[in-house]
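For reference, the chains in residue letters:
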Number of protein chains: 2
Amino acid sequence: VKLLTLARDLKRRRGRERDGSFVTEGVRAVEELLASSLNIRGVLVTTHLADAPRGAALLAALHEAAPQRGFAVSEVSDRDFAGAADTESPQGILAIARTPERSFGTIVLEAGARLLVLDGLQDPGNVGTILRTAAALGVAATVALPGTVDLWNAKVVRGAMGAHFRHHAFGASLDDLASYLERYSVTLWSTSAGGKSLDEMTDPLPDRLAIAVGNEGAGISDALAAMAAMSVALPIREVESLNVAVATGMVLYALRPPRET
Amino acid sequence: VKLLTLARDLKRRRGRERDGSFVTEGVRAVEELLASSLNIRGVLVTTHLADAPRGAALLAALHEAAPQRGFAVSEVSDRDFAGAADTESPQGILAIARTPERSFGTIVLEAGARLLVLDGLQDPGNVGTILRTAAALGVAATVALPGTVDLWNAKVVRGAMGAHFRHHAFGASLDDLASYLERYSVTLWSTSAGGKSLDEMTDPLPDRLAIAVGNEGAGISDALAAMAAMSVALPIREVESLNVAVATGMVLYALRPPRET
């Protein structure tokens, strides 16, 4: 089956970039994909999917949506499925979808908008968790700079649990980020242990604010730090290190826009 | 070697509880252990430890501290070490230490103290990350209720990166928690998606506050919820689910005591 070959190709970043597609596995993820507006190219299932009621319901929903949305649902053998799947205990379903075409031009930038900038984050689990957090806090967009793990890597997609099927996350260059921030008057703050404590902030927050978080070990790159208007830090005991996903959640929470009244 | 047998026994919760000891693996964790006041029972190393400068430095520090602190440093074969180690790629060092004797009676409860209550959290990685976060935010104690993963499980210890070698974390019963909170006038708040939004809190926070977070799927137990003065929620889009460690970090940050001025 052509979809099988494609799913295997999409395990590698080069394959994903060439085909402009990605794979997502498991019942919950495919439910989220179906509920999103993403372009589904095809779904691979095994006979085991329908063993559980939730799997059977998803299969029925897929068959119903397939003609209108123009994708195929193919049943394959356990062995073929295992060769295409990324997880060790797949639930008997994976889907291939087009990577959404997102860029700075497609960000909806409202008053009080927050952007999140990922600068070289390497751990796919952390990045997936961060995408869920950004989506939950209503961040307008997450921008992954070069050096960050591919947002459509299977582990990121799994960790994000469907968050960036809707949340506006995409990869971009530092130059394009700089141009965008300047053009739309978005203030950039970076985060680092030596930054100004969030407990000492007395001025009102900038209306439109981009917040950059850095690599798990090395932190923010010099080039990005030089672009930032300020560097901020969580008020924590310096001896302890926080998980980057936890730290990002706390910073996004601390710098969320004032509540509308 | 007796230490080898002990390390293997301590892989299981029953073994850890019987011996009142736990195992920690890796260079960084043993560095943290040595820097803590915990009672070290013994250290197992392989010849590979000294291959890297940091490993060699740690080995020297261990040999220096061993006589005074009364523990042995034993070199074992790679094969024996692999049988005792929990990780797949151990760094050639593990240490056995006494589980610290902590209880409600040993909590230092200052003004503005915060306690964290873990109610049935199952994922050791999440719990390790949460312990790091609680330590970093200066939480006075973390109390693990029955149903929560053992705090001295190898994966929790690894995820915590030494945090609860110092941070006052321990397991306790719901009854003992209830007695303590009443006796010391500590307010208990639980967290749940349906709770009062943290953005809508206008009253000053209680001086002494315990914050309970629940199981990844089931949330807070009914018994604990009934004890809580209030249930609070993060101001997030309901459709999205947050990772429990990220959510805990955000809630602890939001409810931190007012800064001393």
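Residues numbered from 1 in each chain as written. Chains lettered and ligands numbered in written order. Predicted model: local features only at pLDDT ≥ 70, side-chain atom pairs only at ≥ 80, totals over all residues. Heavy atoms only, no water.

The next point concerns the pairing of strand S6 (residues 141–144) of chain B. Residues and elements named next belong to chain B. Of the two faces of S6, the one holding Ala141 and Val143 and the one holding Thr142 and Ala144 are both buried throughout. Where strand S5 (residues 114–119) meets S6, four bridges bridge the pair, whose relative direction is parallel. Among the inter-strand pairings, Leu115 is bridged to a residue of S6, identified as Ala141. For the crossover that starts at S5, traverses helix H6 (residues 124–136) and ends in the parallel S6, the hand is right-handed. Here three bridges tie S6 to strand S7 (residues 169–171), and the two strands are oriented parallel to one another. The residue bridging Val143 from the neighbouring strand is Phe170, located in S7. (Buried < 20%, exposed > 50% of the residue type's maximum accessible area, 1.4 Å probe, protein only. Helix = DSSP H or I, 4+ residues; strand = E, 2+ residues; numbered from the N terminus. Pairing = 2+ DSSP bridges. Right-handed = clockwise from strand over helix to strand, strands pointing away.)

Before going further, it helps to examine the nonpolar core. Judged by nonpolar contacts, the single largest core of 116 residues is most densely connected at Val43, Leu62, Phe71 and Ile93 of chain A together with Ile93 of chain B. Beyond its immediate chain neighbours, meaning those up to four positions away, Ile93 of chain A contacts Glu25, Gly26, Val27, Val30, Val43, Leu44, Val45, Leu49, Leu58, Leu62 and Phe81 of chain A. (Core = buried A, V, L, I, M, F, W, Y, C linked by side-chain atoms within 4.5 Å. Contact = heavy atoms within 4.5 Å.)

This part covers the sheet that holds strand S4 (residues 93–98) of chain A. Residue and element names in this part refer to chain A. In space, the four strands of this open sheet follow the order S1-S4-S2-S3, with mixed pairing throughout. Looking at strand neighbours, the two that pair on one side only are strand S1 (21–25) and strand S3 (72–75), the edges of this open sheet. Strand after strand, the sheet turns through a mean of 20° between neighbouring axes, direction not considered. Judged from the five bridges that link them, S1 and S4 form a sheet pairing that is antiparallel. (Axes fitted to C-alpha atoms, helices over the stretch in contact; angles between N-to-C directions.)

Before going further, it helps to spend a moment on the sheet that holds strand S3 (residues 72–75) of chain B. All names here are of chain B. Strand order in this open sheet of four strands is S1-S4-S2-S3, and the pairing throughout is mixed. Of all strands in the sheet, those with a lone pairing partner are strand S1 (21–25) and S3, marking the two edges. When strand polarity is set aside, the average angle formed by the axes of neighbouring strands in this sheet is 20°. Examined bridge by bridge, strand S2 (residues 40–45) and strand S4 (residues 93–98) share five bridges and lie antiparallel to one another. Note on S4: the bridge partner recorded for Val43 is Ala95. Its contacts with the sheet place helix H1 (residues 2–9) against S1, S2, S3 and S4, and it is angled at close to 100° to S2. Each of S2, S3 and S4 is contacted by helix H4 (residues 53–69), which is oriented at about 135° to S3, the strand it contacts most.

Residues and elements named next belong to chain A. The final tally for this structure, using the stated rule, is ten aromatic pairs over all chains. Ring geometry for Phe22 against Trp152: centres 4.4 Å apart, planes inclined by 40°, an arrangement best described as tilted. Here the residue Phe22 occupies a position in strand S1, and Trp152 occupies one in the loop between strand S6 (141–144) and helix H7 (154–160), the gap between them amounting to 130 residues. A residue is classified by how much of its surface remains accessible, and Phe22, at 0% relative accessible area, is buried. (Phe/Tyr/Trp six-rings, centres within 6.5 Å; stacked < 30°, edge-to-face > 60°.)

Okay, the interface of chain B and chain A next. Taken together, the contact between chain B and chain A spans 31 residues of the former and 31 residues of the latter. Counting each side, the surface lost to burial between chain B and chain A is near 2700 Å², with a carbon and sulfur contribution of 56%. There are two salt bridges connecting chain B and chain A. Our enumeration of links across chain B and chain A arrives at six residue pairs in polar contact (both at pLDDT 80 or more). Put simply, the parts of the chain that give the side of chain B that touches chain A at least two residues each are H6, helix H8 (163–166) and helix H11 (244–254) of chain B. Considering each element in turn, the side of chain B that touches chain A owes the most residues, six residues, to H11 of chain B. (Buried area = accessible area lost by both parts, 1.4 Å probe. Salt bridge = Lys/Arg side-chain N within 4 Å of Asp/Glu carboxyl O. Polar contact = N/O pair within 3.5 Å; in protein donor to acceptor, adjacent residues only side chain to side chain.)

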